[in-house]
Number of protein chains: 2
Amino acid sequence: MLTYDVSKTQGESLYLYIYDCIRRDIESGKLTADTPLPSKRSFAANLGVSNITVENAYAQLMAEGFIYSKPRKGFYVTPLSELPESPSSLQNDSLANRFKAAGALRKKSNPEQKTRVDYLSPLALFYQKNKRQDENEIVYDLTGRSSLPDSFPFSIWAKLMRENLSMKQADLLMPSPVGGVYEIRAAIANYLQDFRDMEVAPEQVIIGAGTEYLYGLIIQLLGMDKSYGLENPGYAKIKKIYESFNAACSLVEMDNCGIDMDSLEASGVQVLHTSPTHHFPLGIVTPMKRRHDLINWVAAENDRYIIEDDYDSELRLSGKPVPSLRSIDSTGRVIYMNTFTKSLASTIRISYMILPDGLLDRFNKKMSFYSCTVPSFEQYTLADFLGRGYFEKHLNRMRTRYKKVKAALLSEIKNNPQLSQGIISNADGGLHFLFHVESVLDDEYIVRKAKKLGILMAPLSRYYLDDEDKNKSSKGTFIISYSSIKEEQVAEVVRLLEETLFG
Amino acid sequence: MLTYDVSKTQGESLYLYIYDCIRRDIESGKLTADTPLPSKRSFAANLGVSNITVENAYAQLMAEGFIYSKPRKGFYVTPLSELPESPSSLQNDSLANRFKAAGALRKKSNPEQKTRVDYLSPLALFYQKNKRQDENEIVYDLTGRSSLPDSFPFSIWAKLMRENLSMKQADLLMPSPVGGVYEIRAAIANYLQDFRDMEVAPEQVIIGAGTEYLYGLIIQLLGMDKSYGLENPGYAKIKKIYESFNAACSLVEMDNCGIDMDSLEASGVQVLHTSPTHHFPLGIVTPMKRRHDLINWVAAENDRYIIEDDYDSELRLSGKPVPSLRSIDSTGRVIYMNTFTKSLASTIRISYMILPDGLLDRFNKKMSFYSCTVPSFEQYTLADFLGRGYFEKHLNRMRTRYKKVKAALLSEIKNNPQLSQGIISNADGGLHFLFHVESVLDDEYIVRKAKKLGILMAPLSRYYLDDEDKNKSSKGTFIISYSSIKEEQVAEVVRLLEETLFG
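Residues numbered from 1 in each chain as written. Chains lettered and ligands numbered in written order. Predicted model: local features only at pLDDT ≥ 70, side-chain atom pairs only at ≥ 80, totals over all residues. Heavy atoms only, no water.

> Please explain empty space enclosed by the protein as it appears in this structure.
Over the atoms, a rolled probe matching the size of one water molecule traces out where space is still vacant. Taken as a whole and judged by the stated rule, the model has seven cavities of 30 Å³ or more. Of the voids in this model, the largest cavity is the one considered here, and its volume is about 180 Å³. For the largest cavity, the lining is made up of 19 residues, of which A:Y213, A:F245, B:Y213, B:Q220 and B:F245 are closest to its centre. Listed by contribution, the elements that provide at least two residues to the lining of the largest cavity are α9 (211-222) of chain A together with α9 (211-222) of chain B. A breakdown of the residues in the lining of the largest cavity according to their chemical character gives ten nonpolar, six polar and three charged. (1 Å grid on protein atoms, 1.4 Å probe; cavity = no way out; pocket = protein on both sides within 12 Å on 5 of 7 lines; lining within 4 Å. Points joined across faces, edges and corners; volume = space filled by probe spheres on them. Helix = DSSP H or I, 4+ residues; strand = E, 2+ residues; numbered from the N terminus. Nonpolar A, V, L, I, M, F, W, Y, C, P; charged D, E, K, R; others polar.)

This is the structure we're talking about:
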């Protein structure tokens, strides 16, 4: 396979470096006419770069005519005689000039296309086409990162948005305080009171453009000099955020009930970031006893805090609901967080936190200079969506749907002679469970095999944030998220899982 | 006037403290039936707290029946005989319980109100009413913080939003990379190419929920250990953001051409945050010579960067356009920033930055774990708005409007016997100019007087971020932003300015 030394890039973008290497080999005749180029994925793996880097390099070569593509086949080297006489600006030039030149070439070849929406460079068009292709390649996503288009209430949302755009024009243009407009904060307070039995005042509700953004606000509020404790296993992303703020963080181990209290004490952290309602990826629902242990921990020192990340409590499908830490807290040092990215759509970017009374004045004093990061259009629309009962209906519809998919999945696995040898665990909480199989194969090999068959899934081992030993103890365990699977697809998904694991 | 010692609050919220003090005085009979309470503003000034704190305290007392209001008069003490028998939960209790109890009381007294949208506590209803009142009190806003409802293209926006909600459902639910979806980034790159003569590739465009959020990303990217230089005078908010990230910042002085190069060299900063296209509040448009000085400064050391904040370049009403620093930069260490909050609406929360090629890889490596903070709904809508030429039309309409308002303002001031003695300066750039008058009165006194007459404005002195000496040299200079004034209001605004300054 084609190989280039990518460590040789000098400040320039990696994709331009690869582009240059291939281009030079084509122009010099080293790569001859109609030679097939390696597939994007294998080439990326070979070079040790991301798929998107190779994609970008190929896109640029395509845009400039050095390679061509055959549908469902791949990319081929353009014969020397047909090579474009490229404008000098395309050689050894910046990204920006290439974009401009590509746009100009296209304009020239299609002078009749005058509407601005069509004025996109070949690179952009290639991107768009490519996005479609990738969608088709992955048929079933078991990572929980995407949601099904029919899971979002588009028509209600459009109706509420339209009403606001015509009825609330003055309100929509008025800057909102950092925590959001009163309407959305009161709607969330009412919702938590009615459906989560939490007593919250609107003033305590702070909304923001996603949970990640709110983590940043909390770090700024509590201070970067605090030491933060993160669950292990857990989301690598959360660790990256703390590190991006230069905040010290330590990993805290989990046992069968959630946070391991010995590990927590030993870590010496001041702020614990935890998801007792439903841990990801282990799926643990922390029992009451352990919740009280956590509250005792936070009560023991005045500078201790808990960030309770309740990201998918709305989607609990079975088992008794457990009170949040915030509900049983008497210290005033539990910050509750939740999000609409799981329950509604990840792309509307609205999350919220509930500040305890004790932190409210400090927040208002220290952070009120910030503008709210959620557009007021979305704030009023979501306030109506909650206040008029649409959210409740939406959740009921989603829960019914997910319950059916889950039941079908568990039953199909049970009835499958091979898969029924595996062990399903922690299926009580939100929208995933763990599936463990004995296998000599490497976790990442299995995941790659699944991908080839059209299934995107992740091994548990990927979520251990520290050393290799921990990885080994979780070997052979996979996370099965079923939020983007339809009931009628379950049989096929299980068949593909069988082929992946035992085929 | 009523006076309480607000330094005595013990951890509780300031407004609840004030609420408790007043309530105790009412219940003890110290404040007798039908006694008028001080106006919110004078009471707040007297206690040294913000208006909103007093508002909240009054709102809570109203909600619980301890005080009542007369339209256009104010608040009065409820006679003892009519005092509510308050539920015990309202005494010595948390914000949350008060909200709950107030909601329950209201539900009880209006059992027929069953729709959820009406289920708001008296506190919430009071807030809503109050918001309306405040709007009416301030008739003319010369601070540039709000925009006129008819300045936003609601019908086009609603049309594009509706189209996307029905045509792009799958795309809308697909997570976008941290920099935004390709469509909006390409649309911005095309726009900058066509209208600002800047050569930019879509990959270099990073969008985010407001400029403040992007500052935070830049600080995380360049590092909190860098020293940052801020313009003085300038926005206090920018300084607060850097400080909130624990980044060292120094103030750099301005001369008639913009950044004072001696002050910049003396400051020893590594990253300069500047707005050469149109400084706020001084209104300076930095000439080419000084721009080259700035590029020479950044070129002199490898770890120097410039953050070029081009926040209102679209709204230049007169004078020749000047190339951006980014356009004349050869070092690859100028980060260009711009926003749609000035040119479209502050509440849609979309800003963008253009990373130089040299920072792109670092950004993608270090920051790509973040999700984009702009909802995909807004991203696609704005992409269409730009790509189909609506933004261009909108800007033309706004420029025409603002030009007329500006001309009318300047002419009215010139024809006013008193105001024509003042000096107008730096009216060439975006939507404000400076107005200087000789006055023995204190700047803040003048601003308070203006507010009573219905005009909200700010003195230049408020934007000096360091010592008092600088304040003195700018005494008597006021910022006149005319973006939320209609042409037919100009005569009245000028009359009120006259009354404020010479009445």
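> Got a minute to help me understand the nonpolar core in this structure?
In globular proteins that are soluble, nonpolar side chains generally tend to be buried together. Counting residues in hydrophobic clusters, the biggest one holds 140 residues, and the most contacted among them are A:W157, A:F340, B:W157 and B:F340. Setting aside residues no more than four positions away along its own chain, A:F340 makes contact with A:I188, A:A345, A:I348, A:I350, A:Y352, A:L382, A:L386 and A:F391. By size, the runner-up hydrophobic cluster in this structure holds 62 residues, among which are A:L222, A:Y305, B:V271 and B:L355. (Core = buried A, V, L, I, M, F, W, Y, C linked by side-chain atoms within 4.5 Å. Buried < 20%, exposed > 50% of the residue type's maximum accessible area, 1.4 Å probe, protein only. Contact = heavy atoms within 4.5 Å.)

> Looking at this structure, I do not really get the packing of aromatic side chains. What am I missing?
What characterises a pair of aromatic rings is the spacing of the ring centres plus the angle enclosed by the ring planes. Going through the model one piece at a time under the given rule, you end up with 42 aromatic pairs over all chains. One aromatic cluster in this structure is built from A:F152, A:F154, A:W157, A:Y191, A:F195, A:F340, A:Y352, A:F385, A:Y390, A:F391 and B:F377. The ring of A:Y76 carries A:K70 above its face, with NZ or CZ at 4.3 Å from the centroid. (Phe/Tyr/Trp six-rings, centres within 6.5 Å; stacked < 30°, edge-to-face > 60°. Lys NZ or Arg CZ within 6 Å of the ring centre and 35° of its normal.)

> Looking at this structure, how should I read the side chain of B:T78?
All names here are of chain B. For T78, the location among the structural elements is in the loop between β2 (74-77) and α4 (95-109). Using a relative accessible area of 7% as the deciding quantity, one classes T78 as buried. Of the polar contacts made by the side chain of T78, one reaches the backbone oxygen of F66; its length is 2.9 Å. Look past the residues within four positions of T78 in its chain and what remains in contact with it is I26, A33, G65, F66, I67, Y68 and L83. (Polar contact = N/O pair within 3.5 Å; in protein donor to acceptor, adjacent residues only side chain to side chain.)

> So what exactly am I meant to see when it comes to the pairing of strand β2 (residues 74-77) of chain A here?
All names here are of chain A. Bridging between strand β1 (residues 67-70) and β2 involves four bridges; their strand directions are antiparallel. Its bridge partner being in β2, K70 is matched across the sheet by G74. Where β1 hands over to β2, the hairpin turn is made up of three residues, of which R72 adopts a positive phi near 60°. (Pairing = 2+ DSSP bridges.)

> I keep staring at the confidence of the model for chain A and nothing clicks. Help me out?
Any residue range with low pLDDT should be treated as having predicted coordinates unsuitable for detailed reading. All names here are of chain A. Model confidence for chain A is summarised by a mean pLDDT of 85, while 87% of its residues fall at 70 or above. Here residues 109-123 is a poorly scored stretch, pLDDT under 50, and it has 34 contacts once near neighbours within four places are set aside; other chains count. Ignoring residues within four places in sequence, the model shows residues 132-136, a span with pLDDT below 50, making six contacts including any to other chains. Confidence metrics for the complex model read pTM 0.78 and ipTM 0.77. (pLDDT = per-residue confidence, 0-100.)

> I keep staring at the sheet that holds strand β15 (residues 458-459) of chain A and nothing clicks. Help me out?
In a beta sheet, neighbouring strands are held together by backbone hydrogen bonds and run either parallel or antiparallel to one another. All names here are of chain A. Across the sheet, four strands lie side by side as β12-β13-β16-β15; this open sheet has antiparallel pairing. In the strand order of this sheet, the two ends are held by β12 (423-425) and β15, each with one partner. Of the strand pairs in this sheet, strand β13 (residues 432-436) and strand β16 (residues 477-481) are connected by five bridges, and their pairing is antiparallel. Each bridged residue has a counterpart across the sheet, and for H432 the counterpart in β16 is S481.

> Would you take a moment to explain the pattern of salt bridges for this structure?
Oppositely charged side chains can form a pair if their charged atoms are brought close together. Scanning all chains against the criterion turns up 30 salt bridges over all chains. For A:K239, the salt bridge goes to A:E243, with nearest N and O atoms at 3.3 Å. Of this pair, A:K239 and A:E243 are both found in helix α10 (residues 236-244), four residues apart, which corresponds to roughly one turn of the helix. The partly exposed category is assigned to A:E243, whose relative accessible area is 40%. For the salt bridge of B:E163 with B:K159, the shortest nitrogen-to-oxygen distance reads 3.6 Å. A residue pair is termed a helical-turn pair when its members lie 3 or 4 positions apart in one helix, as B:E163 and B:K159 do in helix α6 (residues 154-167) at four residues. Through salt bridges that share partners, A:K159, A:E163, A:D384 and A:R388 make up one connected network. (Salt bridge = Lys/Arg side-chain N within 4 Å of Asp/Glu carboxyl O.)

> So what exactly am I meant to see when it comes to the packing of helix α1 (residues 14-27) of chain B against helix α3 (residues 51-63) of chain B here?
A pair of packed helices is captured by two measures, namely the crossing angle of their axes and the spacing between those axes. Residue and element names in this part refer to chain B. Two numbers describe how α1 lies on α3: the axes approach to 8 Å, and their chain directions differ by 50°. With respect to each other, α1 and α3 are oriented oblique. Crossing of α1 over α3 shows right-handed handedness. Contacts from L14, Y15, I18, Y19, I22 and R23 of α1 reach α3 at T53, N56, A57, Y58, Q60 and L61. Considering only residue class, the contact of α1 with α3 consists of eight nonpolar, three polar and one charged. (Axes fitted to C-alpha atoms, helices over the stretch in contact; angles between N-to-C directions. Parallel < 35°, antiparallel > 145°, perpendicular 65-115°, else oblique. Left-handed = near helix turned anticlockwise from the far one by under 90°.)

> Explain the sheet that holds strand β16 (residues 477-481) of chain B to me, please; I cannot follow it from the model alone.
Residue and element names in this part refer to chain B. Taking strand neighbours across the sheet as the criterion, the four strands line up as β12-β13-β16-β15 in an open arrangement whose pairing is antiparallel. The open sheet has two edge strands, β12 (423-425) and β15 (458-459), and neither has a second partner. Two strands pair when backbone bridges link them, and β15 and β16 are joined in this way by two bridges, in the antiparallel orientation. Each bridged residue has a counterpart across the sheet, and for P459 the counterpart in β16 is F478.

> Would you explain the environment of B:T277 in this entry?
Residue and element names in this part refer to chain B. Within the element layout of this structure, T277 appears in the loop between β8 (271-274) and α12 (288-300). Note on T277: relative accessible area 9%, which makes it buried. When the C-alpha atoms of T277 and P287 are compared, they prove to be 8.9 Å apart, with ten residues separating the residues in sequence. When near neighbours in sequence (up to four residues on either side) are disregarded, T277 contacts R196, I284, V285, R291, D310, S313 and R316. Separated by 2.4 Å, the side chains of T277 and D310 make a polar contact.

> Can you walk me through the packing of helix α17 (residues 443-453) of chain B against helix α19 (residues 490-502) of chain B in this structure?
Residue and element names in this part refer to chain B. Between α17 and α19, the shortest axis-to-axis distance is 9 Å and the interhelical angle comes to 140°. Here α19 runs oblique to α17, going by the angle between their axes. Every pair of crossing elements has a handedness; the one defined by α17 and α19 is right-handed. Where α17 approaches α19, its residues I446, K449, A450 and L453 are matched on the opposing element by L496, E499, T500 and L501.

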